[in-house]
Amino acid sequence: MTKYIIRRIIWSIPVLLALLLAVFLLMRAIPGGPFDFAGEKSLPAATRRNLERKYGLDKPLATQFINYLGSIVLHGDLGPTFRQPGRTVNDIVGESFPISAQLGLMAIGLALIIGIPAGIIAALNHNTWADYLASFLAILGVSIPALVLGPILVWLFSLKLHWLPVALWGAKPPFILGFIAIPTKTFLEHAALPVIALGTSLAASIARLTRASLLQVVREDYIRTARAKGLRDRVVIIRHALKNGLIPVVTVLGPMFAGVVTGTVVIEAIFALPGMGKYFVQSIGNRDYPLIMGVTLIYAVLLVFSNLLVDITYAWLDPRIRYS
Amino acid sequence: MTVIQEAASRRIARAEELRKPRSPWADAFRQLLQNRLATAAGVFIVLLVLVAIFAPFVAPFPYDKTAFGKGYASPGQYGFILGTDYLGRDLLSRVIYGARVSLSVAFVAAAVSLTVGITYGTISGYAGGQVDNIMMRIVDFLYGLPVLIVVILMQVYFKAVSRHEGVTGLMAWLSSIDQSLGGLFFVFIALGLFNWIGMARIARGQVLSYKEHEFVQAARAVGVTTPRIIWRHLLPNIIGPCIVSETLAMPGYILTEAFLSYIGLGANPPTPSWGIMINEGYKGLRSYPHVILVPAVALSLTVLAFNFLGDGLRDALDPRLRE
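The model shown is predicted, which means the values in this text are computed figures rather than measured ones.

*Asks:* How should the overall build of chain B be read in this particular structure?
*Replies:* Scanning chain B from terminus to terminus reveals 14 helices and zero strands. Secondary structure elements of chain B occur, N-terminal to C-terminal, as α-α-α-α-α-α-α-α-α-α-α-α-α-α. In terms of its C-alpha atoms, chain B occupies a principal-axis envelope of roughly 75 × 70 × 30 Å. For chain B, with 323 residues in total, the buried portion stands at 40%.

Put into structure tokens, the structure is as follows:
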């Protein structure tokens with residue numbers, strides 16, 4: 001098991017490196033630099049050269065990349081931002097990442113709390129109205145994108161009913177342990193709509209998967225054995241069937257986590273939340289190289305390690321994988 | 001008397017029908033037709049494709065025709081069936097042309113993913129050994145990339161290059177194609193570059209499980225050439241699961257395009273992508289909710305239809321799931 005984990009961690013390093021290099025080259029390949037503002041605001045050539053020298057943009061590309069990597073690995077320093085004087089990328093990521101994390105984690109929590117029980121209920125009542133209703137709602141939930149659900153929720157609960165705020169986030173740093181917000185009334189009110197908008201499709205796909213997988217598992221011989229022993233239905237499902245039935249759910253948690261991470265970009269755009277997604281889109285437009293690369297790196301590390309975590313959980317649940 | 005005769009003739013007809021040799025495809029199609037939701041979804045998609053193809057004849061106005069002073073018209077006002085957007089452009093016409101954007105992205109991305117993925121997966125699975133090992137390591141590597149992030153970055157690059165004047169050579173040529181397709185060409189490229197990976201894995205898995213079957217060995221024993229074995233014996237068997245998973249992936253392509261256009265990295269205005277329309281409608285949400293409702297309903301219904309069809313296809317093509 002340890003060997004498997006080490007192998008997987010080592011394997012993720014080239015992925016991260018390649019991604020960083022690709023982002024680096026792609027950003028530099030875009031015509032125009034961060035300091036040549038067009039039109040009236042354009043800088044004198046000498047000023048621009050000075051700025052470029054200050055940020056090391058006059059050095060060869062290879063040197064720039066190695067310096068950048070070096071400062072990340074040695075000091076955990078993601079560099080200065082080009083467009084927000086006096087603030088570093090670390091500052092911005094440190095402020096915005098917790099908000100994205102809160103949003104994403106709450107959405108995943110909501111999805112698991114609703115999705116798994118809904119899937120179990122549907123599977124237990126296979127081919128009854130409860131199953132049909134759950135399945136229909138689930139496919140509806142999968143099909144309505146956050147891009148549509150977000151505005152609908154805002155229109156209904158904020159603009160028509162005036163129950164919840166239209167936008168913005170209800171908590172500011174510092175957070176407990178760096179990312180846990182105190183669940184005040186303001187926080188919950190602001191979080192409700194974005195979390196529902198992000199969590200609904202996740203809940204729906206978890207429900208679908210749980211149902212399908214449970215239906216397959218309950219046909220297995222060992223379930224029949226458990227029933228034949230005279231165990232109650234509830235015990236058979238919870239103690240015997242769920243254990244195997246949830247394996248596929250664990251395996252999609254990886255891709256699902258990727259969906260949450262990118263989903264926060266959409267939700268943050270809709271609800272004007274000061275999370276990392278906002279800075280990602282903004283920095284791309286501004287050609288703020290260090291900020292783009294910093295945010296990309298954080299996203300990539302998150303996704304690579306969530307995949308790793310899922311693979312490890314999977315290998316732990318299903319011993320056959322470890323030895324292949 | 002007549003009732004009995006009728007019943008008897010019906011039974012004979014049924015028996016004859018059962019005796020007729022049926023291909024697995026016809027079988028699957030019959031199965032699909034029994035699933036009412038999937039059939040309805042299929043009909044909806046076909047209609048949508050027709051509407052998209054014949055958009056100039058179906059749409060009452062050109063998608064970019066503005067009516068000055070008639071912005072944010074309600075449905076029915078000034079003769080605009082679904083109203084107008086902030087520039088006074090007819091929403092019905094725009095949503096119809098928007099179907100072109102969404103569907104072309106869905107089908108082009110699916111076609112690329114199917115061809116590249118199946119070719120790659122089949123070669124890898126059939127060759128086996130070291131070739132398979134190397135090809136799958138490449139896939140594993142690509143699989144680890146956060147696709148949407150990479151797609152966003154690529155779109156940024158493409159957009160910047162296509163807006164820059166001094167670009168020459170290959171990129172200039174690609175940009176001109178992109179311009180003529182309303183900014184969609186680069187969306188095709190970005191989606192096509194990454195979405196074959198999952199398909200390659202599925203195809204390889206299928207090939208691995210089929211290539212040891214007796215019918216493949218028999219074909220090899222009588223001297224059938226490798227390309228022919230793959231084409232005639234393996235492909236018909238593996239194509240089913242591939243099509244199912246591709247159909248279920250198509251909503252993802254549609255949503256990716258809508259999202260990219262929403263944040264300004266997809267179709268170029270005034271090309272009416274549903275994502276752009278949602279973005280524009282969101283700005284007037286408080287006073288004019290119908291403007292966002294039109295593209296939102298279109299997007300949701302289309303994604304829903306692909307999901308229903310995909311589910312139905314899976315049930316129809318996978319006999320193990322039948323009860």
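Alright, that's what it looks like, and here's the rest.
*Asks:* How should I be thinking about the overall build of chain A in this particular structure?
*Replies:* In terms of helices and strands, chain A carries 13 helices and zero strands. When its helices and strands are written in sequence order, chain A yields α-α-α-α-α-α-α-α-α-α-α-α-α. With the C-alpha coordinates aligned to their principal axes, the bounding extent of chain A is approximately 85 × 55 × 35 Å. Counting all 324 residues of chain A, 36% fall into the buried class. Sequence-distant contacts in chain A: of pairs separated by 6 or more residues, those separated by 24 or more amount to 72%.

*Asks:* Teacher, can you tell me more about the environment of A226 of chain A here?
*Replies:* Residue and element names in this part refer to chain A. Within the secondary structure, A226 is located in helix 8 (residues 221–228). The exposure class of A226 is partly exposed, given the 19 C-beta atoms found within 10 Å. Along the primary structure A226 and E189 are separated by 37 residues, whereas in three dimensions their C-alpha atoms are 46 Å apart. Discounting residues that sit within four places of it in the chain, A226 has contacts with L231, V236 and H240.

*Asks:* Where do I start with the interface of chain B and chain A in this structure?
*Replies:* Frequently, the measure chosen for interface size is the accessible area that the parts lose on association. On the side of chain A, 33 residues touch chain B, which itself brings 34 residues to the contact. For the side of chain B that touches chain A, the secondary-structure elements that each account for two or more residues are helix 7 (147–163), helix 12 (226–262), helix 13 (274–283) and helix 14 (289–317) of chain B. If you tally residues by element for the side of chain B that touches chain A, the top one is helix 14 of chain B, at nine residues.

*Asks:* I keep staring at helix 7 of chain B and nothing clicks. Help me out?
*Replies:* Side chains of residues three or four places apart in an α-helix project in the same direction, reflecting 3.6 residues per turn. With 17 residues, helix 7 of chain B ought to run about 24 Å at 1.5 Å a step, and its terminal C-alpha atoms sit 24 Å apart, in line with that. With respect to burial, helix 7 of chain B is a largely interior element, 14 of its 17 residues being buried.

*Asks:* How do you make sense of the packing of helix 7 (residues 185–217) of chain A against helix 9 (residues 233–245) of chain A when you look at a structure like this?
*Replies:* Axes are the key here: two packed helices are described by the angle between their axes and the distance separating the axes. All names here are of chain A. Across the interface, helix 7 lies against helix 9 with an axial gap of 9 Å and an inter-helix angle of 120°. For the element pair helix 7 / helix 9, the angle class is oblique. Considering the relative orientation of helix 7 and helix 9, their crossing is right-handed. Contacts between helix 7 and helix 9 involve T210, S213, L214 and V217 from the former and A241, N244 and G245 from the latter. Of the residues assigned to the contact of helix 7 with helix 9, the class counts are three nonpolar, four polar and no charged.

*Asks:* What's the story with helix 3 (residues 61–75) of chain A in this structure? I'm lost.
*Replies:* All names here are of chain A. For helix 3, which comprises 15 residues, the first-to-last C-alpha distance of 21 Å matches the rise-based estimate of 21 Å (1.5 Å per residue) to within 8%. In terms of residue burial, helix 3 counts as a barely covered element, since only one of its 15 residues are buried. Taken from the residues just after helix 3, G76 is the one with a positive phi, measuring 60°.

*Asks:* Could you clarify how one ought to interpret the environment of G275 of chain A in this entry?
*Replies:* Residues and elements named next belong to chain A. Mapped onto the fold, G275 is located in the loop between helix 10 (247–271) and helix 11 (276–286). Classification of G275 by C-beta neighbours within 10 Å gives buried; the count is 26. Separated by 177 residues in the primary sequence, G275 and P98 have C-alpha atoms spaced 7.6 Å apart. When residues no more than four places from it in sequence are discounted, the contact partners of G275 are S96, I99, S100, L103, T264 and E268.

*Asks:* Whenever I open this one, the environment of D85 of chain B confuses me. Can you help?
*Replies:* Residues and elements named next belong to chain B. Along the chain, D85 falls in the loop between helix 4 (55–58) and helix 5 (91–127). You can call D85 buried: it has 27 C-beta atoms within 10 Å. Contacts of D85, omitting those with residues within four sequence positions, involve L91, R94, E280 and V291.

*Asks:* How should the packing of helix 5 (residues 129–143) of chain A against helix 7 of chain A be read in this particular structure?
*Replies:* Residues and elements named next belong to chain A. Closest axis-to-axis distance for the helix 5/helix 7 pair is 8 Å, and the angle between their directions is 135°. Taken together, helix 5 and helix 7 sit at an angle that is classed as oblique. Of the two possible hands of crossing, helix 5 and helix 7 adopt the one that is left-handed. Note on element contacts: helix 7 touches helix 5 through T200, S201, A203, A204, S205, A207 and R208, opposite A134, A138, G141 and V142. Looking at the contact of helix 5 with helix 7, its residues break down into six nonpolar, four polar and one charged.

*Asks:* Mind showing me how you'd approach the confidence of the model for chain A here?
*Replies:* Any region with low pLDDT has predicted coordinates that should not be read closely. This prediction gives chain A a mean pLDDT of 80; 93% of its residues lie at or above 70. Element-level pLDDT for chain A is lowest in helix 13 (residues 319–322) of chain A, with a mean of 62, against a maximum mean of 88 in helix 4 (residues 89–124) of chain A.

What counts as what
Residues numbered from 1 in each chain as written. Chains lettered and ligands numbered in written order. Predicted model: local features only at pLDDT ≥ 70, side-chain atom pairs only at ≥ 80, totals over all residues. Helix = DSSP H or I, 4+ residues; strand = E, 2+ residues; numbered from the N terminus. Buried ≥ 20, exposed ≤ 12 C-beta atoms within 10 Å, placed from the backbone. Contact = placed C-beta atoms within 7 Å. Expected span 1.5 Å × (residues − 1). Axes fitted to C-alpha atoms, helices over the stretch in contact; angles between N-to-C directions. Parallel < 35°, antiparallel > 145°, perpendicular 65-115°, else oblique. Left-handed = near helix turned anticlockwise from the far one by under 90°. Nonpolar A, V, L, I, M, F, W, Y, C, P; charged D, E, K, R; others polar. pLDDT = per-residue confidence, 0-100.

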